[in-house]
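Notes for the structure review
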Amino acid sequence: MKFMELIEQLFADYGYWVLLIGLPLDAIALPIPPGNTTLTYTGFLSFKGVLSWLPAIGAAYAGAVLGMTATYALGYKLGAPLVERYGKWLFIKPESLEKTRQSYRKYGNKLLLISYFVPGIRQFIGYFVGIIRIPYRTFALYAYPGALMWVMAFFAIGYVFGEQWEEVFLLVEKYLKYLFIVLGIAVAVFALVKWGTRFNPSKQVDNGTE
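The present account deals with the structure reproduced in this document. Nothing here was measured: the structure is a model prediction, and the numbers come from that model.

So, how was this worked out
- Residues numbered from 1 in each chain as written.
- Predicted model: local features only at pLDDT ≥ 70, side-chain atom pairs only at ≥ 80, totals over all residues.
- Heavy atoms only, no water.
- Helix = DSSP H or I, 4+ residues; strand = E, 2+ residues; numbered from the N terminus.
- Core = buried A, V, L, I, M, F, W, Y, C linked by side-chain atoms within 4.5 Å.
- Buried < 20%, exposed > 50% of the residue type's maximum accessible area, 1.4 Å probe, protein only.
- Expected span 1.5 Å × (residues − 1).
- Phe/Tyr/Trp six-rings, centres within 6.5 Å; stacked < 30°, edge-to-face > 60°.
- Lys NZ or Arg CZ within 6 Å of the ring centre and 35° of its normal.
- Patch = residues over 30% accessible without salt bridge, like charges linked within 9 Å, V, L, I, M, F, W, Y side chains within 5 Å.
- Areas by Shrake-Rupley, 256 points an atom, 1.4 Å probe, with all protein chains shown as cover.
- Salt bridge = Lys/Arg side-chain N within 4 Å of Asp/Glu carboxyl O.
- Lys, Arg positive; Asp, Glu negative; His and termini not counted.
- Charge placed at Lys NZ, Arg CZ, Asp CG, Glu CD.
- Contact = heavy atoms within 4.5 Å.

What follows concerns unusual backbone geometry. Even without being a glycine, Arg133 presents a positive backbone phi close to 60°. Assignment of secondary structure puts Arg133 in the loop between helix H6 (125-131) and helix H7 (136-161).

If you want it as structure tokens, here you go:
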């Protein structure tokens, strides 16, 4: 498995510090070690008695929260002012940001809750939420429980399945990928239908003649 030798060596050298430092690195788009694999291997090490399960889960959760909070803070403190100051050069208007905030309030919190399970989204959404200035309380209300669900789910794979953890992990990754592809297509279709209904020229003509 890719990165497996690296992860084994990191745990051998640094123990719980891999979780406290590695998971924040995963969150800021430097997935070395990759988060899902690291958590599952942590569960396996706990299964073998190399790590104690409670400190392992605590360190993993702290690392996940630290990483997501860091990306939110960077987006809020640095990204938002940059967009506000130089957004016109990137064709980002203030009203566009406001529309994005409104859309996020409708759908975004649910995405934030499950974002840890989606590589790529996990490394991006903290910055995004910070840039559009979602209040910290709202961010924490969804991001922190999401972090706990993510940690517990992948830790459990390694802990429950023991020596078979790699086979189960690969299956979970495979079907998660399919699940989110289907969900992404469904969301895109819904958005297109809604957009088409909203801007249908014939509908606008009909409304104008009434």
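Alright, that's what it looks like, and here's the rest.
What follows concerns the nonpolar core. Residues Phe11, Phe139 and Trp150 are the most contacted members of the largest nonpolar core, which totals 40 residues. Elements with a minimum of two residues in this core: helix H1 (4-14), helix H2 (17-27), helix H3 (35-48), helix H4 (53-86), helix H5 (94-114), H6, H7 and helix H8 (165-198). Of all the elements, H7 adds the most residues to this core, at ten residues.

An ideal rise of 1.5 Å per residue puts 20 Å on 14 residues; H3 measures up with 20 Å between its terminal C-alpha atoms. Counting buried residues along H3, twelve of its 14 residues qualify, which places the element largely inside the surrounding structure. For H3, the set of buried residues is Gly35, Asn36, Thr37, Thr38, Leu39, Thr40, Tyr41, Thr42, Gly43, Phe44, Leu45 and Ser46. Positioned one or two residues after H3, Gly49 has a phi angle of 85°, which is positive.

Another point: the packing of aromatic side chains. Under the criterion given, the structure shown has 17 aromatic pairs. On the numbers, 6.4 Å between centres and 70° between planes, the contact of Tyr136 with Tyr144 is edge-to-face. When its relative accessible area of 15% is taken as the criterion, Tyr144 is described as buried. Put simply, the rings of Phe11, Tyr41, Phe44, Phe47, Phe117, Phe154, Trp165 and Phe169 pair up and form one aromatic cluster. If you follow Arg133 out to its NZ or CZ, it ends over the ring of Tyr76, 4.4 Å from the centre.

Secondary-structure assignment places Thr38 in helix H3. Placed 113 residues apart in sequence, Thr38 and Val151 show a C-alpha to C-alpha distance of 10.0 Å.

It is worth spelling out a negative patch on the surface at this point. On the surface, a cluster of negative charge is made up of Glu5, Glu8, Glu166 and Glu167. At the level of elements, H1 and H8 are the ones that each hand at least two residues to the negative patch. Glu8 gets classed as partly exposed once you look at its relative accessible area, which sits at 38%.

A surface patch of nonpolar side chains, about 640 Å² in accessible area, is lined by Phe47, Trp53, Leu54, Tyr159, Val160 and Phe161. At three residues, the largest contribution of residues to the nonpolar patch is made by H7. Checked against the element boundaries, Tyr159 lands in helix H7. Look at Tyr159 and you get partly exposed, because its relative accessible area is 35%.

Now for the side chain of Asn36. When you line up the elements, Asn36 lands in helix H3. Not counting residues up to four positions away in its chain, the partners in contact with Asn36 are Tyr116, Pro119, Arg122, Trp150, Phe154, Phe169 and Glu173.

Moving on, we get to the environment of Glu166. Along the chain, the position of Glu166 falls in helix H8. Owing to a relative accessible area of 32%, Glu166 belongs among the partly exposed residues under this scheme. A C-alpha to C-alpha distance of 9.5 Å links Glu166 and Phe44, two positions 122 residues apart in sequence.

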